[in-house]
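# Descriptive analysis of the structure
Single-letter residue listing:
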Amino acid sequence: MSSIIAIVIGCLFVSNIILSSFLGICPFLGISKKPSNAIGMGLALIFVVTLSSIICYCIERFILAPLSLDYLQLIVFILVIASFVQFVEFFMKKYMKSLYKALGIYLPLITTNCVVLFVAQEVSKYATTKAGLVFNYTFGNMLVYSIATAVGYMLVITLFSFIRVRIDSQDTPRPFKGNAIALITTALMALAFSAFVGLV
């Protein structure tokens, strides 16, 4: 139980995927202009990251690693991720048309979002020992890590979208308008979240 709590706290606060590694920064900056869009992107990312990580973990554990086909990992993982993104895109197009239009190009870009591929590769890491293949994550830990990382992404993008609405309503000096102030704000958020270092 303590290891699961450590994973959750680590993914949400200590080593948040955006604020510690700056992965997925393109959709982070593009979608965060409205809180509703940020929440929609966060929920879509949680779905894609969780399911693609489960499938990729199983493929690596039961097919690629035992057959020494690790060189196919990147291609296989991207195909799995692209399939889930297509499913999300079709679902939103049919049932959430306003959100689908608001997300625009950033929805299909989940396929190339570094966060999704990073998590899938991270949970699939293993070592070869005399006893055989030893994976860094058990299935339960992998599931918790995947969900917590995606929820951490959603947490930060949602917080940032509320801050950005406030910034956009203010009279920002011209050199700082747009992405300049957004990146400065992101850096300040990263600095604030660094206060959690040492919790786990």
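Remember, predicted model here, so these are calculated numbers, not experimental data. (Residues numbered from 1 in each chain as written. Predicted model: local features only at pLDDT ≥ 70, side-chain atom pairs only at ≥ 80, totals over all residues. Heavy atoms only, no water.)

A word on the overall build of the protein chain. A tally of regular secondary structure across the protein chain gives 9 helices and 2 strands. Order of helices (α) and strands (β) in the protein chain, N terminus to C terminus: α-α-α-α-α-α-α-β-β-α-α. The globule rule puts the C-alpha radius of gyration for 200 residues at 16 Å, and the 18 Å found for the protein chain is close to it. For the protein chain, the proportion of its 200 residues judged to be buried stands at 43%. Of the contacts formed within the protein chain by residues at least 6 apart in sequence, a portion of 77% connects residues at least 24 apart. Accessible surface for the protein chain amounts to roughly 10600 Å². Of this, 70% is attributable to carbon and sulfur atoms. For the protein chain, the centre of its 13 positive side-chain charges and the centre of its 6 negative side-chain charges are spaced 9 Å apart. (Helix = DSSP H or I, 4+ residues; strand = E, 2+ residues; numbered from the N terminus. Rg over C-alpha atoms; globule rule 2.2 N^0.38 Å. Buried < 20%, exposed > 50% of the residue type's maximum accessible area, 1.4 Å probe, protein only. Contact = heavy atoms within 4.5 Å. Areas by Shrake-Rupley, 256 points an atom, 1.4 Å probe, with all protein chains shown as cover. Lys, Arg positive; Asp, Glu negative; His and termini not counted. Charge placed at Lys NZ, Arg CZ, Asp CG, Glu CD.)

Time to look at unusual backbone geometry. Notably, F22 is not glycine yet its phi reads approximately 55°, a positive angle. Counting through the fold element by element, F22 comes out in the loop between α2 (17-21) and α3 (25-31). When its relative accessible area of 41% is taken as the criterion, F22 is described as partly exposed. The phi torsion at S68 lies on the positive side, around 55°, for a residue other than glycine. Among the secondary structure elements, S68 is positioned in the loop between α4 (35-64) and α5 (73-95). Residue classification places S68 among the exposed positions, given a relative accessible area of 55%.

The next thing to look at is the layout of surface pockets. If you add up the space inside the largest pocket, you get close to 200 Å³. Around the largest pocket, the lining residues are I39, G40, L43, A44, F47, F87, V88, F91, M92, M96 and L99. Taken together, the elements giving at least two residues each to the lining of the largest pocket come down to α4 and α5. Top contributing element to the lining of the largest pocket by residue count: α4, with 5 residues. Across the lining of the largest pocket, the residue classes break down as 10 nonpolar, 1 polar and no charged. (1 Å grid on protein atoms, 1.4 Å probe; cavity = no way out; pocket = protein on both sides within 12 Å on 5 of 7 lines; lining within 4 Å. Points joined across faces, edges and corners; volume = space filled by probe spheres on them. Nonpolar A, V, L, I, M, F, W, Y, C, P; charged D, E, K, R; others polar.)

A word on the nonpolar core. Core analysis: the largest hydrophobic core is formed by 53 residues, its most contacted members being F28, V48, I110 and Y153. With 11 residues, the single largest contributor to this core is α4. Each residue touching V48, except ones within four places of it in the same chain, is listed here: S53, I81, F84, V85, V88, I110 and V116. (Core = buried A, V, L, I, M, F, W, Y, C linked by side-chain atoms within 4.5 Å.)

Here the focus is the side chain of S124. As for its position among the elements, S124 is in the loop between α7 (114-123) and β1 (126-129). Separated by 2.8 Å, the side chain of S124 and the backbone oxygen of A120 make a polar contact. The contacts of S124, once residues within four sequence positions are left out, are C56, Y57, E60, Q73, F77 and F135. (Polar contact = N/O pair within 3.5 Å; in protein donor to acceptor, adjacent residues only side chain to side chain.)

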